[in-house]
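# Per-entry structural report
Each chain, letter by letter, is given below.
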Amino acid sequence: MENFSEDRIIKDRLDKLKRLNELNIDPYPNRWIAKREKISDVISSFIDNETKKISDSESILSVSGRILAIRGMGKVIFFDLKDQSGKIQLHFKEDESEISKDFIDLLDIGDIIGVEGIIFRTRRGEITLRIKNIVLLTKSIRPLPDKWAGLKDNEIRYRQRYLDLISNEESLEIAIKRSKIITSVRNFMNKRDFLEVETPVLVDIPAGGRAIPFETYHQSLDKKLFLRIATELHLKKLIVGGIEKVYEIGRLFRNEGIDHDHNPEFTTMESYESYEDYNTVMKMVEDLVSTVTKDVNGSTKIKTKDDQYIDLSPPWKRLDLRDAIIENTGIDFLKFKTSELLSVEMTKKGYIANSKEAWGILLDRLISQGVENKLITPTFLIDYPIEMSPLAKLKPGSKNIVERFEAFVLGHELANAFTELNDPIDQRKRFIEQENQRKNLGDEEADRLDEDFLISIEHGMPPTGGLGIGIDRLVMLITGQDQIREVLLFPQLRTKK
């Protein structure tokens, strides 16, 4: 019945389209020549003039947007018109206008129109624009989602995001805030004299992180290429080249599962600063997140799902990783230094473990299962085992702990950072260990040896603090969302059958 109803609506609108053409009315003109104003500006200006007791009764205003509702009341018709900035009511009365009622009857919910009129407040107190002139700018053929029921089906919301943006104010607000967040991140880094760059998306070797890459093929070069899994190694080459502060906001691609925190393509901001270590980066993350949150939301405090407030302003809590794992799981990883020993202990404590996986992977799973969800207030987990961090520098005096931190808020990982390894001999050794891990343990996500990168740091890379922060996770945090799909305009979905 529903499909039949939609088919009938489409047929009716196609008939109206034919009628418009017969009346020599272009239903899809190239542009609207009137001087267009934002609906929000029109409303705020009217309220301001009301306060100052200034009359707008003779001013002709011009707005445009999409019709969201049509209400007929005898000879009077009300429309709800929406643009990106807001919504306003329109008023049409047949005997007060030169506009043909026959033309008005050819308009539908979903049509895009331009309107010129005089603003006033109705007896019910609603700010309204009395129509003096109206131009059809785009005839809508398909109906919009029901105004009152809204667009509730998440599958349709994600697959047809344009409908979601039209009918869901929160989705539009998230999209706008995402843009503001990225702008704020960029401004923050630029003010600190970081140079923004762009590095290749197609790479010969997908190194710089733990991930299964997407593979493609270049016809002219006759070679296999991969979509990058990280921007790290190219950015470090620029550090070698003498660009002392560098960053990139870019898309990464990892052939991994999809869940509330993960999408196969996602956005990060990676930065590298010469002559600094992870302590400097830690401070920068605190400042960046709190600054961006205040820029976008007006406060460093965010509201949680249970109506509590968390303050993102510095300083953030710092926890030693080993201590945090012992406290939350009762397992001291230094006492279980093989995969078999660690997996047995994890299983005994009720955690999922596979003895065939590498020791570092098992420990990462233990952190995910037993620690992360306890980190509600902004927290840095610091100092990781070398097995989990093939690109990080050892802590002075340690043989197995590196200078690495991960930042967590509300149980979600937000950032990952190192004091970068700049010893080319040690780096080569660790890359070889990663390659052996892939070969001997079947670890498809293990990092890869990149000879070109090794050659670059053999020329000398200064001490460097590096950071990777998830832009999607940052948007989730600032907009109060717990699903990554809510902050991606077009998330990956299964092919519709």
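Cut-offs and rules
- Residues numbered from 1 in each chain as written.
- Predicted model: local features only at pLDDT ≥ 70, side-chain atom pairs only at ≥ 80, totals over all residues.
- Heavy atoms only, no water.
- Helix = DSSP H or I, 4+ residues; strand = E, 2+ residues; numbered from the N terminus.
- Buried < 20%, exposed > 50% of the residue type's maximum accessible area, 1.4 Å probe, protein only.
- Contact = heavy atoms within 4.5 Å.
- Areas by Shrake-Rupley, 256 points an atom, 1.4 Å probe, with all protein chains shown as cover.
- Lys, Arg positive; Asp, Glu negative; His and termini not counted.
- Charge placed at Lys NZ, Arg CZ, Asp CG, Glu CD.
- 1 Å grid on protein atoms, 1.4 Å probe; cavity = no way out; pocket = protein on both sides within 12 Å on 5 of 7 lines; lining within 4 Å.
- Points joined across faces, edges and corners; volume = space filled by probe spheres on them.
- Nonpolar A, V, L, I, M, F, W, Y, C, P; charged D, E, K, R; others polar.
- Pairing = 2+ DSSP bridges.
- Axes fitted to C-alpha atoms, helices over the stretch in contact; angles between N-to-C directions.
- Polar contact = N/O pair within 3.5 Å; in protein donor to acceptor, adjacent residues only side chain to side chain.
- Salt bridge = Lys/Arg side-chain N within 4 Å of Asp/Glu carboxyl O.
- Core = buried A, V, L, I, M, F, W, Y, C linked by side-chain atoms within 4.5 Å.
- Phe/Tyr/Trp six-rings, centres within 6.5 Å; stacked < 30°, edge-to-face > 60°.
- Lys NZ or Arg CZ within 6 Å of the ring centre and 35° of its normal.

Attention now goes to the overall build of the protein. A count of helical and extended segments in the protein gives 14 helices and 18 strands. Summarising its shape, the C-alpha atoms of the protein cover approximately 90 × 55 × 50 Å along the three principal directions. Within the span of the protein, comprising 497 residues, buried residues form 48% of the whole. Contacts in the protein between residues far apart in sequence, at least 24 positions, make up 64% of those at least 6 positions apart. Of the roughly 25700 Å² of accessible surface on the protein, a fraction of 49% belongs to carbon and sulfur atoms. Counting 76 positive and 85 negative side-chain charges, the protein places the averaged centre of each group 4 Å from the other.

This brings us to empty space enclosed by the protein. It is the rolling of a water-molecule-sized probe over the atoms that shows where space remains empty. All chains considered together, the criterion is met by two cavities of 30 Å³ or more. Empty space within the largest cavity amounts to approximately 60 Å³. Forming the walls of the largest cavity are R161, L165, S171, I174, A175, R178, E486, V487, L488 and L489. Looking at the lining of the largest cavity, the elements with two or more residues in it are α5 (161-167) and α6 (169-191). Top element by residues in the lining of the largest cavity is α6. It accounts for four residues. A per-class count over the lining of the largest cavity returns six nonpolar, one polar and three charged. Every residue along the wall of the second largest cavity is listed here: H91, F92, K93, E96, S97, R130, I131 and K132. Residues of the lining of the second largest cavity, tallied by class, amount to two nonpolar, two polar and four charged.

Once that is clear, we can look at the sheet that holds strand β14 (residues 317-320). Backbone-to-backbone hydrogen bonds pair the strands of a sheet. The strands run either parallel or antiparallel. An order of β6-β10-β11-β18-β17-β16-β15-β14 is seen for the eight strands of this open sheet, with the pairing classed as mixed. Because the sheet does not close on itself, it has two edges, and the strands there are β6 (195-196) and β14. As judged from the four bridges shared by β14 and strand β15 (residues 379-385), these two strands associate in the parallel manner. Looking across to β15, one finds that K317 is bridged to T379. Seen against the sheet, helix α7 (residues 232-240) touches β10 (245-253), β11 (265-274), β17 (412-419) and β18 (464-470) and runs at an angle of roughly 20° to β11.

As a further point, take the environment of Q369. Checked against the element boundaries, Q369 lands in helix α11 (residues 359-370). Through-space distance from the C-alpha of Q369 to that of S184 is 33 Å; in sequence the pair is 185 residues apart. Each residue touching Q369, except ones within four places of it in the same chain, is listed here: M346, Y351 and I352.

The residue T300 is located in the loop between α8 (278-297) and β12 (301-303) in this model. With a relative accessible area of 17%, T300 lands in the buried category. Within the structure, the side chain of T300 is placed 2.7 Å from the side chain of D311, a separation counted as a polar contact. Setting aside chain neighbours within four positions, we find T300 in contact with S290, T293, K294, I310, D311, L312 and S313.

Applying the stated rule across the entire model yields 42 salt bridges. Residue D111 pairs with K139 through a salt bridge whose shortest N-O separation is 2.9 Å. Highlighted residues: D111 in the loop between α3 (101-104) and β4 (112-121) and K139 in the loop between β5 (127-138) and α4 (154-159), separated in sequence by 28 residues. When its relative accessible area of 2% is taken as the criterion, K139 is described as buried.

The subject of this paragraph is the pairing of β17. Burial analysis of β17 places six of its eight residues in the buried class, which makes it a mostly covered element. In this sheet, β17 lies alongside strand β16 (residues 401-409) in antiparallel orientation, the contact comprising six bridges. Residue pairing across strands places F408 opposite E413, the latter belonging to β17. Taking the residues that link successive antiparallel strands as the turn, the β16-β17 hairpin has two residues, and the phi of L410 there is positive, at about 55°. Across five bridges, β17 lies against β18 in antiparallel orientation. Considered in β18, the bridge of A415 is made with I469.

Bringing the nonpolar core into the picture now. Across soluble globular proteins, nonpolar side chains show a tendency to be buried alongside one another. The biggest cluster of nonpolar side chains holds 42 residues, and the ones touching the most others in it are V185, M189, M269, L288, V289, F405 and L474. Elements with a contribution of two residues or more to this core: α6, β10, α8, β15, β16, β17, β18 and α14 (471-479). Discounting residues that sit within four places of it in the chain, F405 has contacts with Y278, V281, M282, V285, F380, L381, I382, Y384, A415, N416 and A417. If you look at the next biggest cluster of nonpolar residues, it comprises 37 residues, including I325, L381, I457 and M461.

In this description, a pair of aromatic rings is defined by centroid distance and the angle of the planes. Within this structure, the stated rule accounts for four aromatic pairs. On the numbers, 6.0 Å between centres and 75° between planes, the contact of F333 with W359 is edge-to-face. Note that F333 is positioned in the loop between α9 (321-329) and α10 (339-348) and W359 in helix α11, a separation of 26 residues in sequence. With a centroid separation of 5.0 Å and 75° between ring planes, the pair formed by F380 and F405 is classed as edge-to-face. Placement of F380 in strand β15 and of F405 in strand β16 is noted, with a sequence separation of 25 residues between them. Here F380 and F405 have matching classes, each one buried. Site record: aromatic cluster; members linked through ring pairs are W316, F380 and F405. When the ring centre of W359 is taken as origin, the NZ or CZ atom of K337, which lies over that ring, is 3.9 Å away.

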